[in-house]
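One letter stands for each residue in the lines below.
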Amino acid sequence: MKLDNIRIVLVNTSHPGNIGGVARAMKNMGLSRLYLVDPRQFPDEQAEWRAASAVDVLEDAVVTSSLDEAIADCQFVVGTSARGRRIPWPLLDPRQCAERMAVASEKEQVAVLFGREDRGLTNDELKVCNLHLNIPTSADYSSLNLAMAVQVVCYELRMLLDAPSLPATEDAEWDTPFATRENMERFYTHLEETLVDVEFLDPAAPRQLMARLRRLYSRVRLDEMELNILRGILTETQKWVRKAKASDSGPGPG
Ligand code: SAH
């Protein structure tokens, strides 16, 4: 496992104290790459105070204005959530999930996303993830403090650092790099356009089609070559649709 390939991404954090608490939780467990997406208040004295001897993690934190920017180069993205969502996604506990992240981190950039204190991650943010992680809790109160949730996840990663060996998964042996988030987003845009062109997707009533297709592709994980093949198929499909539409609108038989 390469802890340096695993980043913790905090989305829209309200309380700077929590950001400091996260930095400390990370450094205690040997992680150092912190990304802050549009934090409400940062830098801040409270963050430094709570970080204690992990101020270096705060100083090195990368601040971005969008989630896309923070994870553009990642091939494996995990979203954390305190509750179930409308479209169920593959859901793992921290221990199972740490194993998957540890294997991926050998060759890939991995991100774990943590949401806002008041309302977590949005459905759209959860949809960019390969997996969802839920920390098992009492049914009476399932929402942990942000820094404590980060602590649990980082602890499970730490435990694997000292483990004798990681499972030999198919992903670990794969010969072609998996697609990055940025390229997957380009693919989804292209796919959506094409589905509208062929009139499979009605933009006026899209329902959950794109969410379901995202779930399908994040479950199999496309490599760069597979992604290029699919993009090629979409481009050709669009060409034929254009030809068909041009001849439809041409002079009719009269
Ligand atoms: N009320 C929010 C909870 C926000 S807690 C909600 O219902 O989603 C802030 C963040 O801490 C969450 O977005 C998530 O990243 C993390 N978190 C808190 N409790 C968690 C749990 N039980 N499992 C996984 N992540 C959790």
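Residues numbered from 1 in each chain as written. Predicted model: local features only at pLDDT ≥ 70, side-chain atom pairs only at ≥ 80, totals over all residues. Heavy atoms only, no water.

**Q** So what exactly am I meant to see when it comes to a nonpolar patch on the surface here?
**A** Residues Met-225, Ile-229 and Ile-233 make up a contiguous nonpolar surface patch of roughly 310 Å² in combined accessible area. Inspection of the secondary structure puts Ile-233 in helix H11 (residues 224-248). (Patch = residues over 30% accessible without salt bridge, like charges linked within 9 Å, V, L, I, M, F, W, Y side chains within 5 Å. Areas by Shrake-Rupley, 256 points an atom, 1.4 Å probe, with all protein chains shown as cover. Salt bridge = Lys/Arg side-chain N within 4 Å of Asp/Glu carboxyl O. Helix = DSSP H or I, 4+ residues; strand = E, 2+ residues; numbered from the N terminus.)

**Q** Help me understand the pattern of salt bridges, please; the structure alone is not making it clear to me.
**A** Side chains carrying opposite charge are able to pair once their charged atoms draw close together. Summed over all chains, the structure comprises 11 salt bridges. Where Arg-186 meets Glu-182, a salt bridge forms, and the shortest distance between an N and an O atom there is 3.7 Å. Placement of the pair is Arg-186 and Glu-182 together in helix H9 (residues 181-197), with a separation of 4 residues, close to one helical turn. Here Arg-186 falls in the partly exposed class, since its relative accessible area comes to 43%. The partner of Glu-236 in a salt bridge is Lys-239, with the nearest N and O atoms 3.0 Å apart. Residue Glu-236 and its partner Lys-239 are located together in helix H11, separated by 3 residues, close to a single helical turn. (Buried < 20%, exposed > 50% of the residue type's maximum accessible area, 1.4 Å probe, protein only.)

**Q** Is there a simple way to think about the sheet that holds strand E7 (residues 131-133) in this case?
**A** Sheet strands pair via backbone hydrogen bonds, and the direction of the pair is either parallel or antiparallel. Spatially, the 7 strands line up as an open sheet ordered E3-E2-E1-E6-E4-E7-E5, and their pairing is parallel. Looking at the sheet topology across the chains shown, the edges are occupied by strand E3 (62-64) and strand E5 (91-92). Relative to strand E6 (residues 110-114), strand E1 (residues 6-11) runs parallel, the two sharing 5 bridges. Residue Arg-7 lies in a different strand from E6, and its bridge partner there is Ala-111. (Pairing = 2+ DSSP bridges.)

**Q** Explain the pairing of strand E2 (residues 33-37) to me, please; I cannot follow it from the model alone.
**A** Counting buried residues in E2 gives 4 out of 5 residues, a clear majority hidden from the surface. In this sheet, E3 lies alongside E2 in parallel orientation, the contact comprising 3 bridges. When the bridges of E3 are listed, Leu-36 appears paired with Val-63.

**Q** Help me understand the side chain of Gln-109 in this model?
**A** Position of Gln-109 relative to the elements: it lies in the loop between helix H5 (94-105) and E6. Of note is the side chain of Gln-109, whose polar atom sits 3.2 Å from the side chain of Asn-5. A distance of 2.9 Å separates a polar atom in the side chain of Gln-109 from a polar atom in the side chain of Arg-33. The contacts of Gln-109, once residues within four sequence positions are left out, are Asn-5, Arg-7, Arg-33, Asp-73, Cys-74, Gln-75 and Phe-76. (Polar contact = N/O pair within 3.5 Å; in protein donor to acceptor, adjacent residues only side chain to side chain. Contact = heavy atoms within 4.5 Å.)

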